[in-house]
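A closer look at the structure
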There are 4 protein chains.
Amino acid sequence: MKVTVAVVGATGYTGAEIVRLLAGHPNAEVAVVTSERQAGQPLRSSCPWLATDLVLTRFDPCGWEVDVVFLCQENGFAMHHAPSLAERSRVIDLSADFRLTDLAQYPAWYRLDHPGGLEPWPVYGLTELADRRALGQARIVANPGCYPTASLLALMPLAEAGIVAGTPVIDAKSGVSGAGRSKQETDFLFSELAGGFKPYGVTGHRHTPEIEQQLGMTVRFTPHLLPIPRGICSTIHVPVTPGVNADTVRGLWRSRYEGRTCVAVLDEGFPSTKHVLGSNRCLLAAAVDERTGYAILVSVIDNLVKGAAGQAIQNMNLMLGLPEETGLPLAGVWP
Amino acid sequence: MKVTVAVVGATGYTGAEIVRLLAGHPNAEVAVVTSERQAGQPLRSSCPWLATDLVLTRFDPCGWEVDVVFLCQENGFAMHHAPSLAERSRVIDLSADFRLTDLAQYPAWYRLDHPGGLEPWPVYGLTELADRRALGQARIVANPGCYPTASLLALMPLAEAGIVAGTPVIDAKSGVSGAGRSKQETDFLFSELAGGFKPYGVTGHRHTPEIEQQLGMTVRFTPHLLPIPRGICSTIHVPVTPGVNADTVRGLWRSRYEGRTCVAVLDEGFPSTKHVLGSNRCLLAAAVDERTGYAILVSVIDNLVKGAAGQAIQNMNLMLGLPEETGLPLAGVWP
Amino acid sequence: MKVTVAVVGATGYTGAEIVRLLAGHPNAEVAVVTSERQAGQPLRSSCPWLATDLVLTRFDPCGWEVDVVFLCQENGFAMHHAPSLAERSRVIDLSADFRLTDLAQYPAWYRLDHPGGLEPWPVYGLTELADRRALGQARIVANPGCYPTASLLALMPLAEAGIVAGTPVIDAKSGVSGAGRSKQETDFLFSELAGGFKPYGVTGHRHTPEIEQQLGMTVRFTPHLLPIPRGICSTIHVPVTPGVNADTVRGLWRSRYEGRTCVAVLDEGFPSTKHVLGSNRCLLAAAVDERTGYAILVSVIDNLVKGAAGQAIQNMNLMLGLPEETGLPLAGVWP
Amino acid sequence: MKVTVAVVGATGYTGAEIVRLLAGHPNAEVAVVTSERQAGQPLRSSCPWLATDLVLTRFDPCGWEVDVVFLCQENGFAMHHAPSLAERSRVIDLSADFRLTDLAQYPAWYRLDHPGGLEPWPVYGLTELADRRALGQARIVANPGCYPTASLLALMPLAEAGIVAGTPVIDAKSGVSGAGRSKQETDFLFSELAGGFKPYGVTGHRHTPEIEQQLGMTVRFTPHLLPIPRGICSTIHVPVTPGVNADTVRGLWRSRYEGRTCVAVLDEGFPSTKHVLGSNRCLLAAAVDERTGYAILVSVIDNLVKGAAGQAIQNMNLMLGLPEETGLPLAGVWP
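Keep in mind that this is a model prediction, so the values were computed, not measured.

Residue and element names in this part refer to chain D. Neither face of strand E5 (residues 90-93) is exposed, since Arg90 and Ile92 on one face and Val91 and Asp93 on the opposite face are all buried. One ladder, built from four bridges, connects strand E4 (residues 68-71) with E5; its direction is parallel. Counterpart to Phe70 in the pairing with E5 is Ile92. In this view, the connection linking E4 to its parallel neighbour E5 by way of helix H3 (residues 78-85) has right-handed handedness. Alignment of E5 against strand E7 (residues 140-142), held across three bridges, turns out to be parallel. Its bridge partner lying in E7, Val91 is registered against Ile140.

With an RMSD of 0.0 Å, the fit of chain A onto chain B corresponds to turning through 180 degrees and sliding 0.0 Å along the axis. Such a combination of turn and shift is consistent with a two-fold rotation axis. Of the residues that chain A buries at the interface, 100% are likewise interface residues in chain B, meaning the two copies contact each other through the same surface.

What follows deals with the interface of chain A and chain B. With 44 residues of chain A at the contact, the number on the chain B side is 44 residues. Together, the buried faces of chain A and chain B total about 3,600 Å²; carbon and sulfur atoms form 63% of this surface. Looking at the side of chain A facing chain B, the largest losses of area belong to Phe197, Arg220 and Arg291 of chain A, adding up to 17% of the total buried there. For the pair chain A and chain B, the number of links is six salt bridges. A salt bridge links Arg220 of chain B to Asp289 of chain A; the nearest nitrogen and oxygen atoms lie 2.9 Å apart. At the boundary of chain A and chain B, one finds 20 residue pairs in polar contact (both at pLDDT 80 or more). At the level of elements, strand E8 (169-174), helix H7 (190-193), strand E9 (198-199), helix H8 (207-215), strand E10 (220-225), strand E11 (232-239), strand E13 (282-289) and strand E14 (294-301) of chain A are the ones that each hand at least two residues to the side of chain A that touches chain B.

Residues and elements named next belong to chain A. The domain architecture assigned to chain A consists of domain 1 (3-144 + 307-319) and domain 2 (146-303). Put simply, the middle of domain 1 and the middle of domain 2, counted by C-alpha atoms, are 24 Å apart. Across the contact, 30 residues belong to domain 1 and 30 residues belong to domain 2. Note on domain 1 versus domain 2: buried area summed over both sides is about 2,400 Å², and carbon and sulfur give 49% of it. When residues of domain 1 are sorted by the area they lose upon contact with domain 2, Trp109, Glu128 and Leu129 head the list and together hold 28% of the total.

All right, on to the sheet that holds strand E3 (residues 56-57) of chain A then. Residue and element names in this part refer to chain A. Taken together, the seven strands give an open sheet; going across it, the order is E3-E2-E1-E4-E5-E7-E6, and neighbouring strands pair in parallel fashion. Across the chains shown, the open sheet's two edge strands, defined by having one partner strand only, are E3 and strand E6 (123-124). Across six bridges, strand E1 (residues 3-8) lies against strand E2 (residues 28-34) in parallel orientation. When the sheet's bridge partners are listed, Thr4 is paired in E2 with Glu29.

With that settled, consider the environment of Asn280 of chain B. Residue and element names in this part refer to chain B. Mapped onto the secondary structure, Asn280 falls in the loop between strand E12 (263-265) and strand E13 (282-289). Once the C-alpha coordinates of Asn280 and Gln311 are considered, the two residues, 31 residues apart in sequence, prove to be 7.0 Å apart. Dropping the residues within four chain positions of it, Asn280 is found in contact with Cys262, Val305, Lys306, Gly310, Gln311, Gln314, Leu328 and Pro329. Within polar-contact distance, the side chain of Asn280 engages the side chain of Gln314 at 3.1 Å.

The subject of this paragraph is the interface of chain A and chain D. Counting from both sides, the interface comprises 18 residues of chain A and, opposite them, 18 residues of chain D. Approximately 1,600 Å² of surface area, both sides summed, lies buried where chain A meets chain D, with 60% of it carried by carbon and sulfur atoms. Considering only the surface of chain A that becomes buried against chain D, Gln184, Leu189 and Phe190 of chain A emerge as the three largest contributors, covering 41% of it. At the junction of chain A with chain D, the criterion picks out two salt bridges. Across the pair Arg181 of chain A and Glu192 of chain D runs a salt bridge, and its minimum N-O distance is 2.9 Å. Of the residues forming the side of chain A that touches chain D, the biggest block, four residues, is contributed by H7 of chain A. The class makeup of the residues in the side of chain A that touches chain D is ten nonpolar, four polar and four charged.

Turning to helix H9 (residues 246-256) of chain C, a few remarks are in order. Helical geometry note: an α-helix holds 3.6 residues per turn, so side chains three or four residues apart project in the same direction. All names here are of chain C. Within H9, the full set of buried residues consists of Ala246, Val249, Arg250 and Trp253. The buried residues of H9 occupy an angular sector of 95 degrees when the element is viewed end-on, so they sit on one face. Exposed side chains of H9 directed beyond 90 degrees from the buried face belong to Asp247 and Ser255. Considering only its buried residues, H9 is in contact with helix H6 (146-161), strand E12 (263-265), strand E13 (282-289) and strand E14 (294-301).

Cut-off values and rules
Residues numbered from 1 in each chain as written. Chains lettered and ligands numbered in written order. Predicted model: local features only at pLDDT ≥ 70, side-chain atom pairs only at ≥ 80, totals over all residues. Heavy atoms only, no water. Buried < 20%, exposed > 50% of the residue type's maximum accessible area, 1.4 Å probe, protein only. Helix = DSSP H or I, 4+ residues; strand = E, 2+ residues; numbered from the N terminus. Pairing = 2+ DSSP bridges. Right-handed = clockwise from strand over helix to strand, strands pointing away. Least-squares fit on C-alpha atoms with pLDDT ≥ 70 in both. Contact = heavy atoms within 4.5 Å. Buried area = accessible area lost by both parts, 1.4 Å probe. Salt bridge = Lys/Arg side-chain N within 4 Å of Asp/Glu carboxyl O. Polar contact = N/O pair within 3.5 Å; in protein donor to acceptor, adjacent residues only side chain to side chain. Domains from an automatic or database assignment. Nonpolar A, V, L, I, M, F, W, Y, C, P; charged D, E, K, R; others polar. Arc of directions from axis to C-beta.

Take a look at the structure:
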């Protein structure tokens, strides 16, 4: 089997990452790459790290004959274009446009009015937690946010098991690529960020409602900006019911993720974001602080791979009936 | 006034930082620098960034005629040597040897038996929270740990005001220099740490009892290693009593630190560790998450300056009756 | 076809990188991984970024039934062990032990007495410059050094064309991983190197004779240490014969590397080491400074991939009659 | 003595650095800070690392009563404004507007028509090489470029001694802050530069004519961008006359810089840019490669201190008759 793929918005970080990853995929080939501003130019002009002769075109899907479309655009694009694209291709949207099921939240968190109108609603593609059959049949998949991916993979099994005894405190840290490639602002210049670390979106980050929707409970969430391009570490301090220890947590994770190749539970020690650089894996580790009654969950991913492009391909694989890790690197690039 | 100073352990990061900072101090001059391994060599052989002709000697205090001794040694040294040094000089100890008043905690947290025997016990030199008169008279000052400095400056005014309504969750992040200069281990090699981020000491870091002793309450504390040499950011999620908002917190801080030049409360926004690189300031910012009832306190310092060498000099200044910021940089080195 | 592979010294940076890269290779499988110090432990204990269940063993090749052996040991190991290994397996040596054909140079540059005795002498595996038939028949391949790889790919076509009119000045810069994983020395600690840059081996680096041997001329060579884990940039200032311009240089490169997928010549602009992070490509760019009569050649590689593990696999591919880029990533990991 | 100072363009990197450094200067006080875009706001809004209450104003020098004006504007500003400012204040210009004495070069290298008309022409303020008396009397000083500072301090004593036997090859590397704070372009984003290294301005950098004008000879010059905010390393490969060795070079440097506190010649080893981070020193080291007849000179500075703001203050000190290092840090911030 060989499917053809369009990447809409191929010169941004997630779009280009899809092109990079699919170069190693045995069953998919990129046929179309789009960019409104660079149309007509070779993709490697904007992305010299890609070894490709693909030429950028405008977004003009009429003549496309592709099996899968990856949408890597700003929020507000997919909500208008995905439905018609889905008539001819399977669509995986990497924006936030279909992540929230309560459309009333879009104006509040994203300053966007959502047209809605989709039936059925796209599948939320946090791959290991999604329904495999639903993914297999989905016309549109909403690829999750990077922070929700890292946080929910750690938290959900505990929530499902009913051992969460209070508000989880999610203290998350992300590499700068999460901000995208078009932030031509002083705050994102190399010299301003190198060698420093700071919080942002301290009480109002947009991934908060996404996490809460999936988890079914309120969370305390603050992200920070790491002086590295890639990597997320989510440190979750969660009050747990009495008697829970680290083995309890690891046991829940192991049951939930049995047979899943892209999530690994550490027997001991704690992971670095660097362990998963360029990899589609999520590494999970836990401790319990008996003095305070908290479990501490640590979840690391590469925000552009398992947190975006890689998970999108993982979803594509399941949509196509392939093993989920097909064509995806599991080892990290170290050092 | 010009005092003379000895720096014991001058080739480590905190010792060398004291030498660097005192080069700009109008009232102090370094007369003695020690190193057991490099004795006889110029200090600049081990520390080529220092512009000095000082020559290293062994620790042999008999003939010293210095007003102030800074002890920058491993834990376990000062507890044996500070008492006799204190007979002739004022002593500021940068190790953990006098930070805990409950000596029974040393075997548990530091694997050291403490000889005790000091009367009065050294003053805990978290400068802005210490008693000025006690500092002025102290023969020995216990310079606080870097994490406790950042965390307590943020938390203490809230604890004193009685608005802490549950266990504070301290999620702290530090630059690598906190580990010291003698960690010749694979884990601290450049290639292993550059571009990554990880937690460590997840439930059992030694600064936990130090914070709890000062605060008088239990805390949930986990530190992380930032891929930068210097800087601490302590993000503290603290349940607060109803009605508390960000202005409440800033008001408490402003009252507590009125007239103190080394602590600044931000009116808006949140600080980066880079704002205080090389500076002796602590920057504080706050938000309140009304959805969850938590205040989020952010405190940044340079772990080697306000978190170690700078605060030691700040303490020296008060011991000598000088303005506390004498000779200390307040502006950060940016970018 | 599926060959089996042994990696001798699998916990170092180059050995682990071979394991990582072969995970994506369709025709090779790692069967044996060795480490004297970690024997008996899973490889992932020392290398948690690798997604593998392989268990480390001692170097005990008697019972091995592997087609290919990669030797990733310190200099001085392969010269004694490669000959007997080569009786049963194809051997690719990543040390310097067979790079120099004049054995008298080993005591001078490596402080090693070389036993010699090999007939024929191993093939120098700078893949694009090596004889394909010789590689196809070789029992032992000497994988080149990282600096020679970057420098010779740029310089050799000019030398062959006879347009080099004076001593080439090679000013090279490398990421820290080139120093290996066992440098537990102060000089290689994160805090000492982060945010800085310095030369080393200013007049006497060991890669000098390797470059000169291949090039057949004397070169001026100084390397520097970049504050990044991976990447080499070799900037070569070379006096050229009159009339040579950038097109001349690009033309020579294009002829020499026609059909070779792992070397790319840029039409315009200059590359960053980051364009080839994790990739087996070498990017070449040129300018001519007419005011001074110099051509400036810029060559970037990932020192651990095209400069070590990737090129070793590229050599294996040609030894086995596979396309040279089989299983090797050509796109860089960006950002 | 206490002079008052205006900093024109105080929110850029060099302007803010002057404010930072003057905070520790015993004889100067910043009275005016300007910014056209941020006028009316406190300086700390744009520069939160500065511990100051200064408020930004527009450039409106009519009412100023300041002794010294530092001009930190884009090229093209000072050539029009410095002459009138110089009637009332001493002026130090950090742009390129008065660095070249041959005005015909401005259109070619800077795309600017220079109005000229100054008599006498401003003093070129490479402090250690400038005429002290001329500096003491100068109304306008042209502060040198960062690359020329590092390169000329190394090369000039050799050129003066007549031992340069061929075109010097200057392979220079700079931290990103050299590009300034207003480069809101993709190429200068953190994610694009972190972990990479590349050349730029390969044959046509604007500092070339500045170096050549001072040196009186043609040079081969290529700069590169280091993934660090601050620091320049200039590695100069210079053909030397027979018999010259490293001691010869060090001897020339020592004679030339005797008594100068901001230049240090290393007895052995080579410096890192990190040794001078935040410091106003230039460190020089040399080797001679007898095989090729080249001397290799290594010169490191902090591009924002000795390469810009610090040297400007050093010039101010000599203009005012103060010791040149007054108020300037000589030790580097390490690690």
